[in-house]
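A closer look at the structure
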Amino acid sequence: MSLVALRGVAKRYATGTLALEGVSLDIARGDFVALLGPSGCGKSTLLRLLAGLADPTAGSLSWQGTARPEIGFVFQEPTLMPWATALRNVALPLELAGLRRRDAEARAADWMARVGLAGFERSYPRALSGGMRMRVSIARALVTRPPLLLMDEPFAALDEITRFRLNDDLLRLWEAERFTAVFVTHSVFESVFLARRILVMAPRPGRIVAALDITAPSPRD
Ligand code: ADP
Ligand code: ADP
């Protein structure tokens, strides 16, 4: 059963732009989906509809269990709190969910280790590199174990080596945790490396023009 099913989804903005039209797709639990296409093809709009940050103007989104699950977000620019240590940044979602500070920090430390940041718990965001801040951002998005992770061009601002390392570590993490992930990218390489399913989109109006299933074993096998 799919985590979410979209049927005939369209999104027209108040400006008149038809950002999406006729989008039908199923996202299976545990899938890793890339939204690939040129600027303006509606990738971000589709991600915002999944996130519940916008509503479709036609068609439907049906969630398994009827309600939208908790969602983890990773943005291109990690929106970390500059006045809080990396550990505090990762622990915050757990504290907002009601965990005691000590328990939240213990679990946050575990996630920092999982994203390769053991030893940087007390560092402030400004003291970390862009790639490390992105790792903090990923740990913060996953620490509450949301069923769905959404990432909008997560690594676009990073240099190629950092990006490759992050891709590799993210794939490892997904193999261990099997959360469902949907990410937006301009990179064919990133799509093929990370995704199990690639949805190729085209603009004017934004739509899905091809869906590729990557059935081969993990590229690291
Ligand atoms: P990207 O290709 O990186 O997704 P865009 O330039 O398409 O970037 O959009 C960046 C942001 O600007 C989006 O979050 C979107 O909401 C907003 N935006 C894009 N186009 C328009 C527009 N015509 N009118 C108002 N806001 C827009
Ligand atoms: P992508 O992420 O693939 O670049 P977007 O979903 O950001 O595409 O944009 C799809 C189309 O919708 C573009 O033509 C963009 O200018 C337009 N658009 C995006 N956000 C807005 C907005 N808030 N208001 C009006 N038009 C928008």
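Residues numbered from 1 in each chain as written. Chains lettered and ligands numbered in written order. Predicted model: local features only at pLDDT ≥ 70, side-chain atom pairs only at ≥ 80, totals over all residues. Heavy atoms only, no water.

1. Some details on helix H2 (residues 86-96)
For H2, the set of buried residues is Ala86, Leu87, Arg88, Asn89, Val90, Ala91 and Leu94. Where H2 is buried, its residues meet helix H3 (101-114) and helix H4 (130-142). In the stretch just after H2, Gly98 is the one whose phi turns positive, near 110 degrees. (Buried < 20%, exposed > 50% of the residue type's maximum accessible area, 1.4 Å probe, protein only. Helix = DSSP H or I, 4+ residues; strand = E, 2+ residues; numbered from the N terminus. Contact = heavy atoms within 4.5 Å.)

2. Brief notes about the site of ligand 2
Around ligand 2 sit 13 residues, and of these Gly40, Gly42, Lys43, Ser44 and Thr45 come closest. Contacts to ligand 2 include Lys43, whose side-chain N or O atom sits 2.9 Å from an oxygen atom. A distance of 2.5 Å separates an oxygen atom of ligand 2 from a polar side-chain atom of Thr45. Against a free-state accessible area of 560 Å², the protein chains account for coverage of 64% of ligand 2. Examining the composition of the shell around ligand 2, we find that four residues originate from one element, helix H1 (residues 43-51), more than from any other. (Near = heavy atom within 4 Å. Polar contact = N/O pair within 3.5 Å; in protein donor to acceptor, adjacent residues only side chain to side chain. Areas by Shrake-Rupley, 256 points an atom, 1.4 Å probe, with all protein chains shown as cover.)

3. Comments concerning the packing of H4 against helix H5 (residues 160-177)
Where H4 meets H5, the axes come as close as 10 Å, and the angle between the chain directions of the two elements is 20 degrees. Our classification of the angle between H4 and H5 gives roughly parallel. The handedness of the crossing between H4 and H5 comes out as right-handed. For the pair H4 and H5, the contacting residues are Gly131, Met134, Arg135, Ile138 and Leu142 in the first and Thr162, Arg165, Leu166, Asp169, Leu170 and Leu173 in the second. Counted by class, the contact of H4 with H5 contains six nonpolar, two polar and three charged residues. (Axes fitted to C-alpha atoms, helices over the stretch in contact; angles between N-to-C directions. Parallel < 35°, antiparallel > 145°, perpendicular 65-115°, else oblique. Left-handed = near helix turned anticlockwise from the far one by under 90°. Nonpolar A, V, L, I, M, F, W, Y, C, P; charged D, E, K, R; others polar.)

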